[in-house]
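# Coordinates in review
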Protein chains: 2
Amino acid sequence: MITVIGSLAGLLTTACWLPQVLRCLQRRSARDFSWVYLVALGLGVLAWVLYGIAREDPVIITTNAITLVLISVLVSVKLRTELGKPLVSASE
Amino acid sequence: MITVIGSLAGLLTTACWLPQVLRCLQRRSARDFSWVYLVALGLGVLAWVLYGIAREDPVIITTNAITLVLISVLVSVKLRTELGKPLVSASE
């Protein structure tokens, strides 16, 4: 039962990231997110992964690993757009 | 050491909420957040609090309880502004 609660928590809080990441990919811009925000959040979520490993808690590890992947999508879009390399979508 | 990692994780991921909450209070508007987002996130964070209680993990409980307070500030601003009651700031 505890794992179900944790998985539900993880699912909801991670799913909340999807609209923002999809919008960022559609717009090909991550200007809504400052570097300070992305770096602080990335380090925080990475620390949660380490905490989950230290606690041997797969719920915390999985949730935050997925969130870390979503944040790295935002970082890569931001890097590419700010380094002037246009993001080429599959349709072009 | 594990608690330090968890506390750092909690501090960083919770602190990332502050700029958005402060901007919402300054603008007296929470239009950046949809109800679906706030409800899903609120339920998710609440589930993390329950998970922390079930795991008897003060780091998870504290972090998510603070985040829940910040989300409830967003909800209250959104409720008041959408119900037409202007938010009266201390200076007025």
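Residues numbered from 1 in each chain as written. Chains lettered and ligands numbered in written order. Predicted model: local features only at pLDDT ≥ 70, side-chain atom pairs only at ≥ 80, totals over all residues. Heavy atoms only, no water.

Looking at an unreviewed UniProt entry, one finds chain A named MtN3 and saliva related transmembrane protein, with Crossiella cryophila as its source organism.

### Some details on the packing of aromatic side chains
All names here are of chain A. If you walk through the whole model with that rule in mind, you get six aromatic pairs over all chains. Judged by centre distance (6.0 Å) and plane angle (25°), the ring pair of F33 and Y37 falls under stacked. Y37 matches F33 in its accessibility class, with the two residues each being buried. Ring plane angle 80° and centroid distance 5.6 Å describe the contact between W48 and Y51, whose orientation is recorded as edge-to-face. Note that W48 and Y51 are positioned in helix α3 (residues 35–54) at a spacing of three residues, about one turn of the helix. Grouping residues by exposure puts W48 and Y51 together as buried. Each member of the aromatic cluster is reached from another via a ring pair, and the members are W17, F33 and Y37. (Phe/Tyr/Trp six-rings, centres within 6.5 Å; stacked < 30°, edge-to-face > 60°. Buried < 20%, exposed > 50% of the residue type's maximum accessible area, 1.4 Å probe, protein only. Helix = DSSP H or I, 4+ residues; strand = E, 2+ residues; numbered from the N terminus.)

### What about empty space enclosed by the protein?
Scanning the model with the defined rule gives three cavities of 30 Å³ or more in all. A volume near 500 Å³ is recorded for the largest cavity. Those elements giving two or more residues to the lining of the largest cavity turn out to be α3 and α4 (58–82) of chain A together with α1 (2–15), α3 (35–54) and α4 (58–82) of chain B. For the lining of the largest cavity, the element with the most residues is α4(A), which contributes five residues. Counted by class, the lining of the largest cavity contains 15 nonpolar, eleven polar and no charged residues. (1 Å grid on protein atoms, 1.4 Å probe; cavity = no way out; pocket = protein on both sides within 12 Å on 5 of 7 lines; lining within 4 Å. Points joined across faces, edges and corners; volume = space filled by probe spheres on them. Nonpolar A, V, L, I, M, F, W, Y, C, P; charged D, E, K, R; others polar.)

### Points about the layout of surface pockets
What the largest pocket holds in volume is close to 560 Å³. In terms of lining, the largest pocket is formed by 18 residues, of which the most central are Q20(A), D32(A), F33(A), Q20(B) and R23(B). Among the secondary structure elements, those contributing two or more residues to the lining of the largest pocket are α2 (18–27) and α3 of chain A together with α2 (18–27) of chain B. Of the residues contributing to the lining of the largest pocket, the split by class is ten nonpolar, four polar and four charged. By volume, the second largest pocket is sized at about 150 Å³. Along the walls of the second largest pocket sit G6(A), S7(A), G10(A), L11(A), T14(A), A15(A), L18(A), P58(A), V59(A), T62(A), T63(A) and I66(A), which together make up its complete lining. Those elements that place two or more of their residues in the lining of the second largest pocket are α1 (2–15) and α4 of chain A. In terms of residues, the lining of the second largest pocket owes the most to one element, α1(A), which gives six residues.

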